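# Structural characterization, general
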Amino acid sequence: MGCFVRHIACNLHSVTQKDHASTEMRAFTLTRYFSLLSFGLLLLAGVLLGTLVRQQELAQMERTAIERNINTTHLLGNLLAPDIQRLVRMSDGVPAQALQTLPEVAELQNKLRVWLRRSDIARVKIYSPQGLTLFSTEAVQIGEDKSGSAGFVAARSGQVISELVHSDQFAGPEGMLLNVDLMSSYVPVQHNGQLVAVFEQYQDVTRLIQRIEHSLWRVGGLIAAVFVLLYVVLVAVVQRGQRALNTQKALLEEANRVLDQRVAERTRELTVSEAQLRESEARFRSLTEMSSDFYWESDAQHRFTQRTFSAREAADPVFCQTVFLGRLIWEVPTIVPNASDWQAHRAVLDAHLPFRGFEVAHQGAKTSPLYISVSGAPVFDATGAFVGYRGVGRDITQRKQADTELRIAATAFESQQSTLVADVHGIVQRVNQALTESTGYSAQEIVGQPAAILRSERLSADFYAAQWACVEQTGKWQGEVWTTRKNGEVFPQWLSISSVKDEQGVVTHYIGNYIDISAQKQAEEEVRKLAFFDPLTGLPNRTLLRDRLQQTAAASVRSGGCCAVLYLDLDNFKTLNDTQGHASGDQLLQWVAARLVDNLRQCDTVARIGGDEFVVVLPQLEARNQEMAAGDVELVCQKLLQALAQPYVFAHTDFYSTASMGVTFVGGQETSVDDVLKQADMAMYQAKSLGGNTFAFFDPVMESVALSHARLEVDLRQAIQSGQLELYYQPQVSGGSGRIVGAEALLRWQHPQRGLVPPGDFVPHAERTGLILPLGQWVLEQACVQLAAWAQQPAMKDLVLAVNVSAQQFKATDFAEQVLATLARTGAQAKLLKLELTESIFAGNIDEIVGMMNKLKGQGVGFSLDDFGTGYSSLAYLSRLPLDQLKIDRSFVANIESDNNNVAICAATIGLAHSLKLKVVAEGVENEAKRYFLSTVHRCDLLQGYLFGRPLPIGGFEDLLRSWTPA
C-alpha cells in the first residue's frame, strides 16, 4: 500500500511538470507570421479578382462586337443583295485584275465608303460561295481565292467565326490605322435557305479596349483600397488576440504554482495513511480461515509450492502420481478448461486478483475426468510486493456427473418431438414444450387431463381399442393418428407409445412421442398436384387432361354420344408480357382460368397445357351427333369469348385480351388423344388466321394443309442440303450516272418436281419453323462467295451486294459473329456487303440492336432499311440507327405517276434521308416516267426494277453487266 501511495505522489509530480512544459510549448506569437501571410494572400486575391474582371469585360466586349458584325452583315446583305448577286454572276471566269476594274465594283465601293464613314467598320470583304473575293475595301485583294481559309469554310457551312486581333498598321477606308485592335468576323449571307455570299468584316474595337483598361485601373484602385483597409483591421484584431494570450499565460503559470503546493500536501497525507493500511491488512489476514478438500500455494511466478490431494484424487492410481511442486499452474495436464479460458485465467493471475470457483478437469484412471473447483487469493509481503497465491479446492466430480445426466434427460425430453407422460390411468403427468407448441394447450391446461383430450373423431373407437390392446400385450404401439388442437383444428401425427415399468415389472407410466407429419402429408399432396395440376392456375395439366380425355372418348364410344374439345389460345398475351412483365402475364393467366371455370359446367374439364394455351373438354353433350351438337358448342364458344373479352383490371391500367378457339368432336369412332388435340390445334390456328377473337370447327381440309406444310418443311430441309437453292441478282442502278453499281441477292428454289418455287411460298413457312436461320446463313455464305469472285474481275470488283436478313436471323445473339466469320472465311470485303433489314426488327431492345449494328458497322458492313414506311417508321429509332440507306417500298413507287399521295411520300422520304446523310434506293421502277421523276426531279440515289432488269441467275446478271450502257 505504501508503494501505491508513493506511486500516486510521483504521478502527481509528473503531471505538474508536464503542465509546465505544455505551458512553455504553447507560448506562440501570432503577429510573428500573420503580417506577411495575410499581406501575401490579400495581394494574391486582388490580382486574381482584377484578372477575372478584365476577362469578363473582354468577353462581353467580344460578344457585343460579334453581334454588331452579324447585324451589320445582315443589314448590308439585305441592302446590297442585288449588287452581290450581280457580282457573283459576273465573276464567273473573269480574271482577278479585270474583276478589280469592273464598274460595279467601283459603284459598290462608293456605296460602302459613305456608310463606313459613320461606323467602326475598318474593312469589308465579300466572297462568293466558291471562295472568290468579289469585293474588298482594299481593292488589291479583289479576286483572291479564299476557298481554303478556315473562317470561310466554317461560314460556308452556316457558322459565324470571329477573332480578336491586334495590328500595328492596318489599311482602313480613310487611310492607315496605327496600333489598332480589330474584331474579325466571317458571316454567311443566305437568301431563301441558300448561301449567297460570305462577308468578312474588321471592326475597330480599340476605343472599347481602352475604356476597359481605364475601367480596370479604377477598379484596381478601389480593390487595393478595400484590401488595405481589411489588412489594417485584421492586424488590429490579431494584436488584440496576442494580448489576450499573454494574459492567459500569466494566469496559467499562477495556477501551476498553486497546484504544486497542493500536490506536496497530498503526498504527506498519503504517507501517513500507508502505515495505517498495512496494519489493517495484517489484521484481516490473520482472521481469514479456509476449509476445503485440499489446500494449495504458489510463488510469484505461479509455480506450485504446496498442493494436497482430496480423497478422490488420492484414491485415483493415476492422478495421485501427478507432480505439482515446481510446475506452473497451467503446465499440469488438464482436460478442462480450453486454451482461451486458461488465457483469461492467466490474465487474472498476472493482475494479482482473487478468484473463486475456477473449474479444472484432470484425466484419472477411468474414462470419466476428475473435476475440481479452485479458489485463491493473492499474497503480498510487508513492502507490498506480490509473493504468490494461496487457496483451496473442492472435488466436484459427482456434482458434474449429476448435472450431465440431468442435462441429457432434460434435453431428450425437450427435443423437437412432442412428448407426453401419463400414468397408468391415462392422466397426463408432464408434457414438453414441443407438444404445447404443436397443440396450442399450455402445460397447465393439459396436465391432469386425460390423454384422450388430444384424440380426433376421424378415428373410430375400435381403432383406439385395438391401439391399447397392442400396448397392453407388447408394451408399445406406433402408427398414424389425427390429433386435435386446442382451436379444434385436426392435423396428422405419427405416435409412438411406450410403457415404463418399475423393478417388479409393473407398469407405472406411459410415454407418448408425437411427430407432426403435416409437412409430409402436404408434400405428398403437392407431389400429386405437381404431377396432375398446373401450379400457376390450379387447373389440370396435360397429363391429367390426357387421362380425362381418354375416359371421355371411351365413354362416348360406348354410349354412342359425342363430346367436344376446345383448344384455346390468347391472342395478344405476348404484348402484356413484353410491356408489363411476366408477373402481369401470370396474373392474366389466373384470371383467364377463373373466367373459364366460372362459365362452364362442373362436369366440364378446363386444363392449361402450356404458355397461354388452354383446353376445354365438354362431355355429355345432349345431341347424339356432331351436326346437332355444333349449335350447342357454338353457344358455349360465344359465351367464353364474351367472358374473356371483358377488361382485366391491373393496378394502373385496364388490359383487353381476346382468344382464338378451335373445336373438334370426339365420338362415333375411336380416335387417339394426340389426334384429337392436333385437330383442335389446327382449328385454333384457323381462327387465328381469321383475325382472332373467334372460333373455328375442325375441317379435314385443315389436316391436308398441315400435311402439305409438313412435306414442304421436309423438302426445304433437303433443298438446303442437296443444292436446290440458287441466288438470283437484280441490278441496282445509280440515279445520277445510270451505271450498275450493285445488286440485290434474291433466293430461288429449283424443286425437282414442282419446278421454280417463288420465295413467297416457302420463306414465310421457313420463318414459322425456324428453318430461316440455316436458310439465311446459306444466302449470306453464297453472297460473300460471289463478292470474293467479283473482286477478281476489274469490271465487277466494286459492285455492292445487298442481302435480306430476317428478324429471327438478326436477333440471334451471335449474328454479328456469324457475319464476320463468313466474311473472313470467304475473303469478301465487308464494305461491299449491305444487309437489308425490315422495320419489324426494331421492335425489340433498341440498345442491343444498335450495339450489334455498330459492331458490324465498325468492320465496314453497310445497312439498308427495307420497305421503309410500311412498318414502325419511328423517326426516333431512325435517328439512332447506324444506317446507310433507306429503301422506298415498291407500293409507294407503283402509282407515282397518278397518285399525288405517293408522290409526296416518295419526295418526303428522299428529302428526309438526304438530310440524315443517307442514300435512297427506290424499288419497283418499271418505266422511264418513274425513273425521271425519282432520279432527275428528286435525285434518288439508286434505282431498282424491271426497267433495268429482272432478277437473273449469276450468268445472266454478269452478261447484262458486260453489255450495259448507261442511259
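Predicted, not measured: the structure shown is a model, and the values here were computed from it. Within each chain, residues carry numbers counting from 1 in the order of the written sequence. Given that this is a predicted model, residues contribute local features only at a pLDDT of at least 70 and side-chain atom pairs are listed and counted only at 80 or more, while totals for whole chains, interfaces and linings are drawn from all residues. To obtain the side-chain values, all non-hydrogen atoms of the structure were used and water was disregarded.

### Some details on the overall build of the protein
Helix and strand assignments come from DSSP, with helices taken as H or I runs of at least 4 residues and strands as E runs of at least 2, each series counted from the N terminus. Each helix and strand counted, the protein has 30 helices and 31 strands in total. Looking at the 967 residues of the protein, the share that counts as buried comes to 39%. In the protein, once contacts between residues fewer than 6 apart in sequence are set aside, the share between residues at least 24 apart is 60%. Note on areas: these come from Shrake-Rupley sampling with a 1.4 Å probe, and a residue is covered only by the protein chains present in the view. With the model as given, the accessible surface of the protein reaches about 52,900 Å², and the carbon-plus-sulfur share is 54%. Remark: exposure states derive from per-residue accessible area (1.4 Å probe, protein chains only) relative to the maximum for the residue type, with buried under 20%, exposed over 50%, and partly exposed in between. Throughout, a contact is declared for two residues whenever any of their heavy atoms are within 4.5 Å.

### Topic: the packing of helix H16 (residues 573-580) against helix H17 (residues 582-598)
As a packed pair, H16 and H17 sit with axes 7 Å apart at the nearest point and diverge in direction by 145 degrees. Residues Phe573, Leu576, Asn577 and Gln580 of H16 lie in contact with H17, whose contacting residues are His582, Ser584, Gly585, Leu588 and Leu589. The nonpolar class holds Ala, Val, Leu, Ile, Met, Phe, Trp, Tyr, Cys and Pro. Asp, Glu, Lys and Arg form the charged class, and all remaining residues, Gly among them, are polar. Residues that form the contact of H16 with H17 fall into these classes: four nonpolar, five polar and no charged. Axis geometry follows a simple rule: fit a line to the C-alpha atoms, using only the stretch in contact for helices, then measure angles between N-to-C directions, giving values from 0 to 180 degrees.

### A word on the nonpolar core
Grouped together as the largest cluster of nonpolar side chains are 78 residues, with contacts concentrated most on Phe810, Leu833, Leu835 and Leu934. Ranked by residues supplied to this core, first place goes to helix H22 (residues 772-790) with nine residues. With residues up to four places along the chain from it excluded, the contact list for Leu934 reads Val893, Ile896, Cys906, Ile910, Ala922, Val925, Arg939, Cys940 and Leu943. The next biggest cluster of nonpolar side chains, apart from the first, holds 33 residues, and it includes Ala564, Leu600, Phe614 and Phe650. To form a nonpolar core, buried Ala, Val, Leu, Ile, Met, Phe, Trp, Tyr and Cys residues must be joined to one another through side-chain atoms within 4.5 Å.

### Concerning a nonpolar patch on the surface
Residues Phe39, Leu43 and Val47 make up a contiguous nonpolar surface patch of roughly 300 Å² in combined accessible area. One can find Phe39 in helix H2 (residues 31-79). On the accessibility criterion, Phe39 (49% relative accessible area) is partly exposed. Excluding any residue in a salt bridge, patches collect residues exceeding 30% relative accessible area, merging like charges within 9 Å and nonpolar Val, Leu, Ile, Met, Phe, Trp and Tyr side chains within 5 Å. In the sections that follow, a salt bridge refers to a side-chain nitrogen of Lys or Arg positioned within 4 Å of a carboxyl oxygen of Asp or Glu.

### What about the packing of aromatic side chains?
The aromatic pairing rule takes the rings of Phe, Tyr and Trp, using the six-membered ring of Trp, and pairs them if the centres are within 6.5 Å, calling planes under 30 degrees apart stacked, those over 60 edge-to-face and the rest tilted. Following the criterion strictly, the structure yields 22 aromatic pairs and no others. Ring geometry for Trp296 against Phe304: centres 6.3 Å apart, planes inclined by 75 degrees, an arrangement best described as edge-to-face. Taken as a pair, Trp296 and Phe304 share a single burial class, namely buried. Aromatic rings pair up to connect Trp296, Phe304, Phe309, Phe324, Phe355, Phe380, Phe386 and Tyr389 into one cluster. Here, over-ring charges are defined by two tests on the NZ atom of lysine or the CZ atom of arginine: distance to the ring centre within 6 Å, and angle to the ring normal within 35 degrees. Looking at Arg307, its charged tip hangs above the ring of Phe294, at a distance of 3.8 Å from the centre. The residue whose ring lies beneath Arg595 is Tyr648, and the NZ or CZ to ring-centre distance is 3.7 Å.

### Some details on the side chain of Glu836
Looking at the secondary structure, you find Glu836 in strand E27 (residues 833-838). We define a polar contact as two N or O atoms separated by no more than 3.5 Å, with the added condition that, inside protein, one atom must be a possible hydrogen donor and the other a possible acceptor, whereas residues neighbouring each other in sequence contribute only through side-chain atom pairs. Among the polar contacts listed, one links the side chain of Glu836 to the side chain of Lys887, at a separation of 2.9 Å. Residue contacts for Glu836: discarding those within four places in its chain leaves Gln732, Glu744, Ala802, Val803, Asn804, Val805, Ser864, Asp866 and Lys887.

### Quick word on empty space enclosed by the protein
By rolling a water-sized probe across the atoms, one finds the places where empty space is left. Think of a 1 Å grid over the protein atoms and nothing else: a 1.4 Å probe that fits but is trapped marks a cavity, an open set flanked by protein within 12 Å on at least five of seven lines marks a pocket, and residues with an atom within 4 Å of a point count as lining. Grid points are joined across faces, edges and corners, and a volume is the space filled by probe spheres set on the points. According to the stated counting rule, one finds two cavities of 30 Å³ or more in the structure shown. Roughly 190 Å³ of internal volume is contained in the largest cavity. Sorting the residues of the lining of the largest cavity by element identifies strand E6 (294-299), strand E7 (304-307), helix H9 (339-350), strand E8 (355-362) and strand E9 (370-380) as the ones contributing at least two each. The leading source of residues in the lining of the largest cavity is E8, at four residues. The residue inventory of the lining of the largest cavity, partitioned by class, reads 12 nonpolar, three polar and one charged.

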